Every structure is written in C-alpha cells, then in structure tokens.
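Overview (structure and organization)
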Amino acid sequence: MGIRAVPVFPAVFWGVIRDKMSTKRRPVKLLPEEVVSRIAAGEVILRPASVVKELIENALDALARQIKVEVKAGGKNLIRVVDDGIGMTREDARLAVARYATSKLETVDDLARIWSYGFRGEALAAIAAVSRLTIETNTDETQPGTRLIVEGGEIKEISEAVRAQGTTVTVRMLFFNLPVRRAFLRSENYEFRLVAEVFRNYCLAFPQVGFELLSNERPVLKLPPGASVKERLEALFDKSMVQGLVEFRIDNPSLSLYGFFADPTQARGFYEIQQVFFNRRPVRSQIVTRAVYDGYGPILANRNPDFVVFLETDPSRLDVNIHPTKQEVRFTDERFLFDFISQAVRKGIGRHYQDKIPAGEFFQPENLVRDESTPSDFWQLHNSYILAQVASGYVIVDQHAAHERILYEQVRVQRQGPSSQGLLFPITVDLNAEEFEVYEQMQERLRAMGLESKIFSGRTVVVDAVPAGSFMGKDEVRELFSELVQVSSDRASIDDEICKLIACKGAVKAGQRLTTEEMQSLINRLFACQEPYFCPHGRPVIIRVTLEDLERRFGRI
Ligand code: ADP
Ligand code: MG
C-alpha cells in the first residue's frame, strides 16, 4: 500500500477518469431486449432532487465544462439544467425521450465497462412521462439546433432552435398528471434542501467543471471551473470544519482512496458531511462508512467525523446496476473493501500525526533537550505519564498505551519465531471448564506469540515463559485466560485480537513507577514501532504541546 505525503492535485485524478469516458459522439439507440432485461428496474424519478440528479449526470456525461441549475419552488414548478456539452442531433433528441434509449451502452458486456453515469436510457423518458419537458440542444452552432416539447410522455413539437453547442433541459410542473404524487412532495424548502445536496455532491465529484445554482431567480452559488476538491469544500462548507480535515490518498492495485477526513481530536458530536463517491458516483455505503469509523478506532469515542471519500476502481469490479437510482453499488470483494478502507484511514490519520512532529525532533534521543538543572529531561507524572522536553515544546506519553503498542507489534511479528523470557517462578493458574476448553484450542497460538505453557494436571495450567519485555504476573495471566474466552472465533481477526490481549495484559500499568532507564528504553522502542502514535485500540499514545500553545495560553501571543 503506497501513501503519498504530498497531496495529489485532484484535477489530475479526475482528469484520468474523464479520459476514460468516451469523448466520441455516439448515436442514441434503443437497447436490445437482452440488455433491458438485465437492468435494475424501479422508480427513477421520486422528487425534484431526482430530476436534478439525472440532468446533472447527463450534462457531465456530455462532457460539459459549465453547468447551470435553476429551480423554482424547490423544483416543484421548474427545474432547468443548462450545459455546454456535446449536445444532441435532432434524431438523438427525439429518441432520447423514449424508454431504454441511450448512446452510452450497446451490449451486455458494456455493463462491466461503465465510466459514464448513465447507461439505462431511462431518465429522460421517466421525466418526460410525468412533466412538461422541453429540450433545446445543438451539436454545432453553425447549424440550427433542435427544440423538442414533450407533455406527459407525448411529443408535442419538434422544431428548430437557436442555441450554442450544448443542451438545456427544462422540466415544468413535475407530476402535473399524477396529482397524488405531486401532493406528497414536501415543502419548497425541504425539496430545495435535497436539490442542493445533490448539486453539492456533483460540485465535489467534478471540481474542474463550473457550477451555478439559482433558486426562485436568485443566485445561490457560483463555483468557477478548474477548482480542486479542497477549494470546492471550502466554498460549500464551514471554513473551519474544512481546515480541520486531513487530506490523503492511498493506492492499491485494485482500489484507490482519496479523501478528506476530520482530525479525530477535532471531531464533534455531529457531522456536516459524510459522503462516499465510488468511481465519482455519490453513493450511500454502509460498508464504507463502517470501515471509516473502524479506521479511526475508539479515539472517536461517540463523536462523528466529517469525511469525503473518493474510491476508484476498474468498472469491472463495481456493479453499478443493483439499484434503480444507482445510489448503491456493489464492489466485488466487500471484505477487502472494508479492510482496505479501514487500514487506509488508520494509516492516513496516523501519518498526519507523524507530520505534526517535525522529522528528527523526537526520533533520536539526542533531540531531547537536556539542561544543566535537570538530571534527566524525562519526568514521570503521577507514575503514569512520561513527560519529555523537545525543541519546540514538550510531549506527554501514556506509558501503558506506549508499552501496549510496543508489545503488540512485537508479538505480531513473533509469529515467525517467538522471543520469550523464561520465568524464574512459573505461574500456575486453575481454569474453569470454559476457559480450559478455549485454552486448549489456543495453546499453540499463544506459544507462537511467546507465551509458553503446559497442562499440569486436570485444568491446572503452568506458564513458564512470557513474551520478552512484558510484565506479566499471576494476576495478568489469570485475566488473560479469562478474557481469551471473549475473543471472537472469527478466523480473520482471531490472531490480531490475541495479540492485542497479550499486549494489554503485558504492558506496564498506569501507576507503576519507572526508572529513567526504563523510560528511555520505552521511548526508544516506541519510536521503533511502525505506528507509534496510536495504541492497538486506536487511542493516542503521545500528546504534543508546543511552546506556541503555551505562549497562547499564558496570553503572551
Ligand atoms: P442515459 O443517461 O442512461 O443514457 P437518459 O434518458 O438520461 O439515459 O438520456 C438518454 C440519452 O440522451 C443519453 O444517452 C444521451 O445520448 C442523450 N442526452 C441526455 N441528456 C443529454 C445532454 N445534456 N447532452 C447530450 N446528450 C444528452
Ligand atoms: Mg442519464
């Protein structure tokens, strides 16, 4: 898994996707029956926001550089989307309002190569059936364009129109012919909020495209083209929230993740945005959302982080045809998806903390500031925290969490050849029936991690070696065996859970006095770890306070 320290220029990322979309004009054709039968059927148009979604997607599929969305009465009375895309010929426009007419898909196999938003050829037909629809379009401004008027699905007029290259679709009086449906629409404000949310998502998905939104003839937003996702976020959300987001990108041969994630120490109880894009399609995904939370770990407590995550994969791995409005998609290997995202978030956020401590400042013990008056510059606070002075301020290390991290990483690799310390006085524990049964299943696993034991008699077990560097007495060994019972039997995570348990039981406790040498050794070993900033449960290990923070608190600056 590669991680790039320098944020990529998002336009490059998105440019690549756009290049994959066909730029060649293809005629609109009726889909053959075998394709139609494979298409996820269902209601596409439920409310104004669904119309806006379909029309913006069509404009983007037509390679528009500039898109204007206009609504009246929350979209109930009017929705107009104007684009400067490739436009339609007269024949295309006539066919486009027929069901299953599309220029984006020809054969069943094409379903596995979908880069465009549309492919079912349903949307314009569905909109035309329930509104008064006008399409004005032109493919070449030296020639007259086309105006097409449809009412309740019936073509009323096809005529010439003067228009620059591009397409304007106007939808008036949605559900005028379905009064019950119309009556079920909510208030103007509510419908407008949904429209604005749809609009926002495409502004984020295509920052290189200019977007404009008007409501009841008043301009609401105007976003210039050629922006980055970050600039779009700043234009759309609270600036201080956006400044607290950590940006990173992590690639794997089959999946890339690029996104913005709330700094966990700044996450609040509520969030403003949690949006997932899969191949730049805004989707809802329980798996992705859960994986992001999992990546943060318990550091979140009960808070909810803001995040915007863009996932990209080859279309053959992504089924976009499982939901009528494509709000849900399915990735071929959901277990991999979950693990990849969770690890990516953990890494990306961890990396962010690492960046906060200037390189070289803490990693070598000689960077620690010693002065004449202090015999050592480690101090132990309340026998629980190690305080160390660094050039730009000081750091506080949680001794238990630090040791847990060290043991966890050590035990995890030990599976290739354990290093354990023999006990001068072996520890004998009596297990109950349930504990004993689990113990028998785990005995070999524990040995591989450095905890050696044998059955003495009946349900009595003797432990004669523990993982090197751990502090395990009788109480800890007892707790370890009783908690082993709770380790899930899920094969994928069992080893990891046992590693965490051993690390937790073997780590120095809060309240335990440490000598200067022990503190020094703990700090050195901590920084030899792969992820020194979080304990295996995801809680922070180090807190850094800068001189600037102190000066601010003392009112000096
Ligand atoms: P789909 O997007 O699934 O193909 P639609 O019903 O949304 O189905 O559109 C039908 C066809 O009309 C599209 O395939 C495309 O060729 C054409 N079309 C629709 N909107 C536009 C537009 N804004 N610019 C150019 N062509 C468009
Ligand atoms: Mg479409």
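Please refer to the structure placed before this passage.
Residues numbered from 1 in each chain as written. Chains lettered and ligands numbered in written order. Predicted model: local features only at pLDDT ≥ 70, side-chain atom pairs only at ≥ 80, totals over all residues. Heavy atoms only, no water.

1. Things to note about unusual backbone geometry
Rule in force here: The cut-offs for exposure are 20% and 50% of the maximum accessible area for each residue type, with area from a 1.4 Å probe on protein chains only; residues under the lower value are buried, those over the upper are exposed, and the others partly exposed. Here a helix means four or more residues in a row that DSSP labels H or I, a strand means two or more in a row labelled E, and each is numbered from the N terminus.
Not every positive phi belongs to a glycine, and Ala73 is a case in point at roughly 50°. Judged by its relative accessible area of 9%, Ala73 falls in the buried class. In this model, Glu217 sits at a positive phi of 70°, which is unusual for a non-glycine residue. Structurally, the position occupied by Glu217 is in the loop between strand 10 (210–215) and strand 11 (218–223). A residue is classified by how much of its surface remains accessible, and Glu217, at 58% relative accessible area, is exposed.

2. Topic: the site of ligand 1
The criterion, for reference: Any residue with a heavy atom lying within 4 Å of a molecule or strand is counted as near it. We define a polar contact as two N or O atoms separated by no more than 3.5 Å, with the added condition that, inside protein, one atom must be a possible hydrogen donor and the other a possible acceptor, whereas residues neighbouring each other in sequence contribute only through side-chain atom pairs. For the area figures, the Shrake-Rupley method with a 1.4 Å probe applies, and any residue is considered shielded solely by the protein chains shown.
Neighbouring ligand 1 are 19 residues, the closest being Asn58, Thr102, Ser103, Lys104 and Gly121. Between ligand 1 and Arg120, the relevant distance is 3.1 Å, taken from an oxygen atom to a main-chain nitrogen or oxygen of the residue. The separation between an oxygen atom of ligand 1 and a polar main-chain atom of Ala123 is 3.2 Å. The fraction of the free accessible surface of ligand 1 (520 Å²) that becomes covered by protein chains is 95%.

3. Re the packing of aromatic side chains
To keep things clear, this is the line we draw: The pairing test for Phe, Tyr and Trp rings, Trp by its six-membered ring, is centres within 6.5 Å, and the orientation test on the planes gives stacked under 30 degrees, edge-to-face over 60, and tilted for anything in between. Whether a charge lies above a ring is judged from NZ of Lys or CZ of Arg, which has to be within 6 Å of the ring centre and within 35 degrees of the ring normal.
Under the definition given, this model contains 14 aromatic pairs. A ring pair is formed by Phe278 and Phe331, whose centres lie 5.9 Å apart and whose planes are at 25°; its orientation type is stacked. One end of the pair, Phe278, is in strand 14 (residues 274–278); the other, Phe331, is in strand 18 (residues 330–331), with 53 residues separating them in the sequence. Each member of the pair, Phe278 as well as Phe331, is classed as buried. When the ring of Phe527 is compared with that of Tyr533, the centres are 6.3 Å apart and the planes differ by 70°; the resulting orientation is edge-to-face. Of the two residues, Phe527 and Tyr533, neither departs from the other in class, the shared state being buried. Within the aromatic cluster, the residues linked to one another by ring pairs are Tyr258, Phe260, Phe277 and Phe310. Over the ring of Tyr117 we find Arg280, and its NZ or CZ is 4.5 Å from the ring centre.

4. Concerning the environment of Val195
Stated formally: We call two residues in contact when some of their heavy atoms are within 4.5 Å.
In this structure, Val195 sits in helix 7 (residues 188–205). Since its relative accessible area comes to 0%, Val195 is described here as buried. Between the alpha carbons of Val195 and Ser50 there is a distance of 8.0 Å; along the sequence they are 145 residues apart. Each residue touching Val195, except ones within four places of it in the same chain, is listed here: Pro48, Ala49, Val52, Val71 and Gly74.

5. What about the packing of helix 7 against helix 8 (residues 229–236)?
Quick reminder of the rule: Note on geometry: axes are C-alpha line fits, over the in-contact stretch for helices, and angles between N-to-C directions span 0 to 180 degrees. When describing relative orientation, an angle under 35 degrees is termed roughly parallel and one over 145 degrees roughly antiparallel, while 65 to 115 degrees is termed roughly perpendicular and anything else oblique. For this scheme, ten residues count as nonpolar: Ala, Val, Leu, Ile, Met, Phe, Trp, Tyr, Cys and Pro. Four count as charged, namely Asp, Glu, Lys and Arg, and the remainder, Gly too, count as polar.
At a minimum axis separation of 8 Å, helix 7 and helix 8 run at an interaxial angle of 155°. Overall, the two elements helix 7 and helix 8 adopt an arrangement that is roughly antiparallel. Counting all contacts with helix 7, which are made through Arg200, Cys203 and Leu204, the residues of helix 8 involved are Val229, Arg232, Leu233 and Leu236. In the contact of helix 7 with helix 8, the residues fall into five nonpolar, no polar and two charged.

6. What about the pattern of salt bridges?
Side chains that carry opposite charge are capable of pairing whenever their charged atoms lie near each other. Stated formally: When a carboxyl oxygen of Asp or Glu lies within 4 Å of a side-chain nitrogen of Lys or Arg, that pair is called a salt bridge.
If you walk through the whole model with that rule in mind, you get 28 salt bridges. Between Glu154 and Lys156 there is a salt bridge, with its nearest N and O atoms 3.8 Å apart. The salt bridge involving Arg284 is made with Glu328; its shortest N-O contact spans 3.6 Å. Linking Arg284 in the loop between strand 15 (281–283) and helix 10 (286–296) with Glu328 in the loop between strand 17 (318–319) and strand 18, this pair joins segments that are 44 residues apart in sequence.

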